[in-house]
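Listed below are the residues making up each chain.
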Amino acid sequence: MENIVTFDLTDNFIARLADSIFKEYPSNGNDFSRLAFVFGGKRPELFLKKELASRIKGPFLSPAFFSMDEFMGYCLAKKLAFKKISDLDGCYLAYNLTKEIAPDILKGREEFCRFIPWAREMLSFIEQLDLEDKKSVELNEIELKAEIGYDVPQGINLLLNRIVSIRGAYHRGLKARKSCSRGFMYLMVSQAVAELDLPEFERVFFCNFFYLHQTEINLIKGLLDKEKAGLFFQGSQDEWPLLKKAAQEFSGAIIPSAAKEPFYKLSLYSGFDLHSQAALAREIIKRGQIPFSDTVIVLPRPESLIPLLSE
């Protein structure tokens, strides 16, 4: 099987994925236990198992399935015994480190209960740095400019001016507690991929990802170098810049073998806030081109419902 397999956006991804499995591993019979599939979440596992069962029409040994978080945790557990730090414990660790390294940031929020919102923002920032594998040297310029002063509240400048020190101390604190945040888990796995051994799996397939953090890219590239990984994409790098970036990272092409005419009509509209989006939906329906009684409106957030109904 090629390292990169791409399906068209009009394809049934699960059905095409099953086609590839049976084509590449016809001799496996009913035993797929040495294959692993990593999806963005858990739900695709149910659909792929159902598809395999409908084709085999009997019992079979299932592949291993992971979400990306689960796979990172699985890889880390092969080297270290770490547990995920809770939100409150992480905030308290950040609070104590800030008291030690940058006490001026605590001005006006000396009590832990007052500092919790800031701690969460700090940890969210550090997590993004970890997920994208940002090196300390890359952050030195931020610290330098923060000394001069960005056009932001002074507290933000103080934080940016100490971010390298706080991040390093936070990592050391996590290690001392044998704990990890999500970002630190991704970072540790990506940095140790050269030593990662997965003898229990013949191949690990990363399926239908769109945006990949740098740590995820590092892990996948390391497994590709060991001929241990495969990637399944849906869409074309000619239409989606993020897929073009992934194609460059993995030295391949993300282009469907045969482009198809979509059986649907897709239109995208943008509004600058929730109420403008609701007004756009009203105007689209008002045109009368959509049969109102046969229309479904799907809202990603429940707080959108009342503004939409009002419109």
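(A) Layout of the layout of surface pockets. By volume, the largest pocket amounts to about 530 Å³. Forming the boundary of the largest pocket are 20 residues, of which Gln277, Ala281, Ile297, Val298 and Leu299 lie nearest the centre. It is helix H11 (residues 274-286) that contributes the most residues to the lining of the largest pocket, seven residues altogether.

(B) Representation of the packing of aromatic side chains. Scanning the entire structure with this criterion turns up 17 aromatic pairs. On the basis of an interplanar angle of 55° and a centroid distance of 5.3 Å, the ring pair of Tyr95 and Phe112 is categorised as tilted. Of this pair, Tyr95 sits in helix H4 (residues 87-101) while Phe112 sits in helix H5 (residues 112-131), and the two are 17 residues apart along the sequence. On the basis of an interplanar angle of 55° and a centroid distance of 5.6 Å, the ring pair of Phe205 and Phe232 is categorised as tilted. Taken together, the residues Phe205 in strand S6 (residues 203-207) and Phe232 in strand S7 (residues 229-234) connect sequence positions 27 residues apart. A connected cluster of aromatic rings, assembled from ring pairs, spans Phe7, Phe13, Phe37, Phe39, Phe65, Phe205 and Phe232.

(C) Local environment of the side chain of Thr6. Checked against the element boundaries, Thr6 lands in strand S1 (residues 4-7). Once residues within four sequence positions are removed from consideration, Thr6 is found in contact with Phe233, Gly235, Ala253, Ile254, Ile255, Pro256 and Ser257.

(D) Highlighting the nonpolar core. In this structure, Phe71, Phe206 and Phe250 are the most contacted members of the largest nonpolar core, which totals 60 residues. The biggest single contributor to this core is H5, with eight residues. The contacts of Phe71, once residues within four sequence positions are left out, are Val38, Phe66, Leu198, Val204, Phe206, Leu219 and Leu223. Core analysis: the next-biggest nonpolar cluster, separate from the first, contains 19 residues, Val5, Phe13, Ala18 and Tyr25 among them.

(E) Focus on the pattern of salt bridges. The full count for this structure, using the stated rule, is 19 salt bridges. Where Asp69 meets Arg182, a salt bridge forms, and the shortest distance between an N and an O atom there is 2.9 Å. One end of the pair, Asp69, is in helix H3 (residues 68-77); the other, Arg182, is in helix H8 (residues 182-191), with 113 residues separating them in the sequence. Asp69 gets classed as partly exposed once you look at its relative accessible area, which sits at 31%. A single salt-bridge network, built from bridges that share partners, covers Lys42, Glu45, Lys49 and Glu70.

Procedures and definitions
- Residues numbered from 1 in each chain as written.
- Predicted model: local features only at pLDDT ≥ 70, side-chain atom pairs only at ≥ 80, totals over all residues.
- Heavy atoms only, no water.
- 1 Å grid on protein atoms, 1.4 Å probe; cavity = no way out; pocket = protein on both sides within 12 Å on 5 of 7 lines; lining within 4 Å.
- Points joined across faces, edges and corners; volume = space filled by probe spheres on them.
- Helix = DSSP H or I, 4+ residues; strand = E, 2+ residues; numbered from the N terminus.
- Phe/Tyr/Trp six-rings, centres within 6.5 Å; stacked < 30°, edge-to-face > 60°.
- Contact = heavy atoms within 4.5 Å.
- Core = buried A, V, L, I, M, F, W, Y, C linked by side-chain atoms within 4.5 Å.
- Buried < 20%, exposed > 50% of the residue type's maximum accessible area, 1.4 Å probe, protein only.
- Salt bridge = Lys/Arg side-chain N within 4 Å of Asp/Glu carboxyl O.

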